[in-house]
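Below are the chains, spelled out letter by letter.
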Amino acid sequence: MSDRALPGDTIRLTGLRIFAHHGVLDFERENGQEFVIDLEIAVDLAPAAASDDVTKTIHYGELAEAVYAAVQADAVDLIETVAERVAAIALGYERAESVTVTIHKPAAPITVPFGDVSVTITRSRPAGSPS
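Residues numbered from 1 in each chain as written. Predicted model: local features only at pLDDT ≥ 70, side-chain atom pairs only at ≥ 80, totals over all residues. Heavy atoms only, no water.

Visitor: Any details on the nonpolar core? Residues and values, ideally.
Guide: Grouped together as the largest cluster of nonpolar side chains are 29 residues, with contacts concentrated most on I37, L39, L63, V67, V86 and I103. Of all the secondary-structure elements, those providing two or more residues to this core are β1 (10–20), β2 (33–42), α3 (60–72), α4 (79–91), β3 (98–104) and β4 (118–124). Among the elements that take part in this core, α4 stands out by supplying seven residues, more than any other. Residues in contact with L63, not counting those within four places in the same chain, are L13, L39, I41, I58, I89, A90 and Y93. (Core = buried A, V, L, I, M, F, W, Y, C linked by side-chain atoms within 4.5 Å. Buried < 20%, exposed > 50% of the residue type's maximum accessible area, 1.4 Å probe, protein only. Helix = DSSP H or I, 4+ residues; strand = E, 2+ residues; numbered from the N terminus. Contact = heavy atoms within 4.5 Å.)

Visitor: An account of the environment of D38 is requested, with residue identities and associated values reported.
Guide: In this structure, D38 sits in strand β2. Contacts of D38, omitting those with residues within four sequence positions, involve L13, T14, G15, T100, V101, T102 and H104. A polar atom in the side chain of D38 sits 2.7 Å from the backbone nitrogen of G15. (Polar contact = N/O pair within 3.5 Å; in protein donor to acceptor, adjacent residues only side chain to side chain.)

Visitor: Residues and numbers for the pattern of salt bridges, please.
Guide: Once their charged atoms are close, side chains differing in charge can pair, the charge on each being opposite to the other. All told, the structure shown has five salt bridges when counted by the stated rule. Between R12 and E40 there is a salt bridge, with its nearest N and O atoms 2.8 Å apart. Of the two residues, R12 is situated in strand β1 and E40 in strand β2; the sequence distance between them amounts to 28 residues. Judged by its relative accessible area of 55%, R12 falls in the exposed class. For E40, a relative accessible area of 32% puts it in the partly exposed group. The partner of R29 in a salt bridge is D77, with the nearest N and O atoms 2.5 Å apart. Here D77 lies in the loop between α3 and α4 and R29 lies in helix α1 (residues 26–31), a separation of 48 residues in the sequence. (Salt bridge = Lys/Arg side-chain N within 4 Å of Asp/Glu carboxyl O.)

Visitor: Any chance you could break down α4 for me, citing the residues and the numbers?
Guide: Compared with an ideal rise of 1.5 Å per residue, which puts 13 residues at 18 Å, α4 spans 18 Å between its outermost C-alpha atoms and is within 8% of the ideal. Elements in contact with the buried residues of α4: β2, α3, β3 and β4. (Expected span 1.5 Å × (residues − 1).)

Visitor: Describe α3, listing the residues and the values that go with them.
Guide: Side chains of residues three or four places apart in an α-helix project in the same direction, reflecting 3.6 residues per turn. Between its first and last C-alpha atoms α3 spans 18 Å; for 13 residues at 1.5 Å apiece the expected length is 18 Å, and the two agree. Every buried residue belonging to α3 is among L63, V67, A70 and V71, and all of these are buried. Projection of α3 onto a plane perpendicular to its axis shows the buried side chains occupying an angular sector of 95°, all on one side. Among the structural elements, β1, β2 and α4 are those in contact with the buried residues of α3. Directly after α3, the chain includes D74, whose backbone phi takes a positive value near 40°. (Arc of directions from axis to C-beta.)

Visitor: Help me get a handle on the sheet that holds β3, residues and values and all.
Guide: Spatially, the four strands line up as an open sheet ordered β1-β2-β3-β4, and their pairing is antiparallel. A single partner strand is all that each edge strand has here, and the edge strands are β1 and β4. On average, adjacent strands in this sheet sit at an angle of 15° to one another, irrespective of strand direction. The sheet contact formed by β2 and β3 spans seven bridges and is antiparallel. Bridge pairing links D38 to T102 in β3. Sheet strands touched by α3: β1 and β2. Its angle to β1, the strand with the most contacts, is close to 35°. (Pairing = 2+ DSSP bridges. Axes fitted to C-alpha atoms, helices over the stretch in contact; angles between N-to-C directions.)

Set out below in structure tokens:
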């Protein structure tokens, strides 16, 4: 079996709701708001499926808790910065090959009606990194 994730092998966490104090405007920092986080992590799931061993995958409960803590920590201006922070958390898991992170800001301070504001980034392990 390959040591790289097969196309389609993913772990997804969608709709993680986290209250935090990110934003450019003072009132966003003071009052805080809800952010919604989606992650899709490429990971070879065959070893975990064959062995029924959670240590051969990414424990999504632990990942969710780590993302929660990272999003709540240290307020920043941009959700782009938050997305990079979340991607780094996900890629910190040994078995993660790449991650796509979307940060939604449903209460963004926009003066016209809107359905969603979000940023999406995709990050991969540097070439030659151990998996």
